[in-house]
Amino acid sequence: MRHIGLIAGAAAAALVATGAITYAVAEDSGGARYVAKTPTAGSADAGFARDMAVHHQQAVEMSFIVRDRTTDTEVRHLAYDIAQTQANQRGMLLGWLDLWELPKVSADPPMTWMGMGDMPAGEDGALMPGMATNSEMRKLGELGGRQAEVLYLQLMTDHHKGGVHMAEGCVARCTVVVEKRLARGMVASQRSEMRLMADMLKERGAAPRS
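Here, residues in each chain are numbered from 1, in the same order as that chain's written sequence. Under the rules for a predicted model, residues below a pLDDT of 70 receive no local features and side-chain atom pairs below 80 are neither given nor counted, while totals for whole chains, interfaces and linings still include all residues. To get the side-chain values, take all heavy atoms of the structure and skip hydrogens and water.

Novice: Sorry, what's going on with helix α6 (residues 177–203) here?
Specialist: One full turn of an α-helix is made of 3.6 residues, so residues set three or four places apart face in the same direction. Helix and strand labels come from DSSP, where a helix needs a run of H or I of at least four residues and a strand needs a run of E of at least two; each type is numbered from the N terminus. Expected helix span is computed as 1.5 Å times (number of residues minus one). Taking 1.5 Å as the rise per residue, α6 with 27 residues should run 39 Å; its terminal C-alpha atoms sit 40 Å apart, in good agreement. Following α6 by one or two positions, Gly 205 has its phi on the positive side, about 70°.

Structural data, given as structure tokens:
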């Protein structure tokens, strides 16, 4: 059975560093001192944390749905790994917002921090790129066996594509070191999972939707 890789290293590093998010050295009469630089509510750091927490929540939900709709060991293992990884990452992202004393919701449209706040409103509950619609989520909960596996793999592939795009945006725009590190880990792990899911779809006589 193929092993589904996690990004435990990046996650652990992020947890260790939550007490010292990012610092800049400033000169004082008594020598060097460290001044904490907290992100603002409108920063890329805060925007990524808020939006990716929402994005991840749907991936967790999809993964738990498919675990109840199939007995296939490989799909169930993949779903479990995705659910655990993204739930843990979501907790870190929300924890950082708490640490920074910033709101977990914003009046700005999703993806504003990436300069995409003017994109058309999401269709049928799909708030951000890659997210499944409400109709697709309901369909996943109605299917079983091979059909549920194929739809899950297709929806999660799209979800990961959107997630990679967002994580790359954080790598380019975020300033908090541990958050950028986590975003890089997301890019690497989700690209790896997309390759795995393409193989799993092929084994089931299907292919990614795009």
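Novice: Where do I start with the confidence of the model for the chain in this structure?
Specialist: Regions with low pLDDT should not have their predicted coordinates read in detail. What pLDDT expresses is the predictor's confidence in each residue, scored from 0 to 100. With 82% of its residues at a pLDDT of 70 or more, the chain shows a mean pLDDT of 86. Here, two residues are considered to be in contact whenever any of their heavy atoms come within 4.5 Å of each other. Within the model, the stretch residues 2–35 combines pLDDT values under 50 with 56 contacts to residues more than four positions away or in other chains.

Novice: Help me understand the state of the cysteines in this model?
Specialist: Here a disulfide denotes a covalent bond joining the sulfur atom of one cysteine to the sulfur atom of another. By disulfide we mean two sulfur atoms from cysteines, separated by a distance within 2.5 Å. In total, this model carries 1 disulfide according to the counting rule given. Across the disulfide, Cys 170 is cross-linked to Cys 174 (sulfur-sulfur distance 2.3 Å). Torsion about the S-S bond of the Cys 170 and Cys 174 cystine: about -120°, corresponding to left-handed handedness. Burial here depends on accessible area, computed with a 1.4 Å probe over protein chains only, as a share of the maximum for the residue type. Under 20% is buried, over 50% is exposed, and the range in between is partly exposed. Residue Cys 170 is classed as buried on the basis of its relative accessible area, which comes to 0%.

Novice: Help me understand the pattern of salt bridges, please; the structure alone is not making it clear to me.
Specialist: Side chains bearing opposite charge may pair, as long as their charged atoms lie close to each other. A pairing counts as a salt bridge when a side-chain nitrogen of Lys or Arg comes within 4 Å of a carboxyl oxygen of Asp or Glu. Under the defined criterion, the tally for this structure stands at 8 salt bridges. Residues Arg 204 and Glu 203 are paired through a salt bridge, measuring 3.7 Å at the closest nitrogen-oxygen approach. Overall, the relative accessible area of 11% leaves Arg 204 in the buried class. Each of the salt bridges in this network shares a partner with another, and the network as a whole consists of Asp 72, Arg 146, Glu 149, Glu 203 and Arg 204.

Novice: Whenever I open this one, the packing of helix α2 (residues 44–67) against α6 confuses me. Can you help?
Specialist: Helices that pack against each other are described as a pair by the angle of their axes relative to one another and the distance between those axes. Here the axes come from fitting lines to C-alpha atoms, over the contacting stretch only for helices, and the angles between their N-to-C directions go from 0 to 180 degrees. Taken N-terminus to C-terminus, the directions of α2 and α6 make an angle of 35°; their axes are 11 Å apart at the nearest point. α2 and α6 meet at a crossing whose hand is left-handed. Contact with α2, carried on its side by Asp 45, Phe 48, Ala 49, Met 52 and His 56, involves Glu 179, Ala 183, Met 186 and Gln 190 of α6 and no other residues of that element. Residue classes follow a fixed rule: Ala, Val, Leu, Ile, Met, Phe, Trp, Tyr, Cys and Pro count as nonpolar, while Asp, Glu, Lys and Arg count as charged, and any other residue, Gly among them, counts as polar. By residue class, the composition of the contact of α2 with α6 is 5 nonpolar, 2 polar and 2 charged. By definition, turning the near helix anticlockwise from the far helix through less than a right angle yields a left-handed crossing, and turning it clockwise yields a right-handed one.

Novice: I tried to follow the side chain of Glu 149 on my own but got confused; where do I start?
Specialist: Among the secondary structure elements, Glu 149 is positioned in helix α5 (residues 145–173). Not counting the four nearest positions on each side in its chain, Glu 149 is found in contact with Thr 70, Asp 72, Val 75 and Arg 204.

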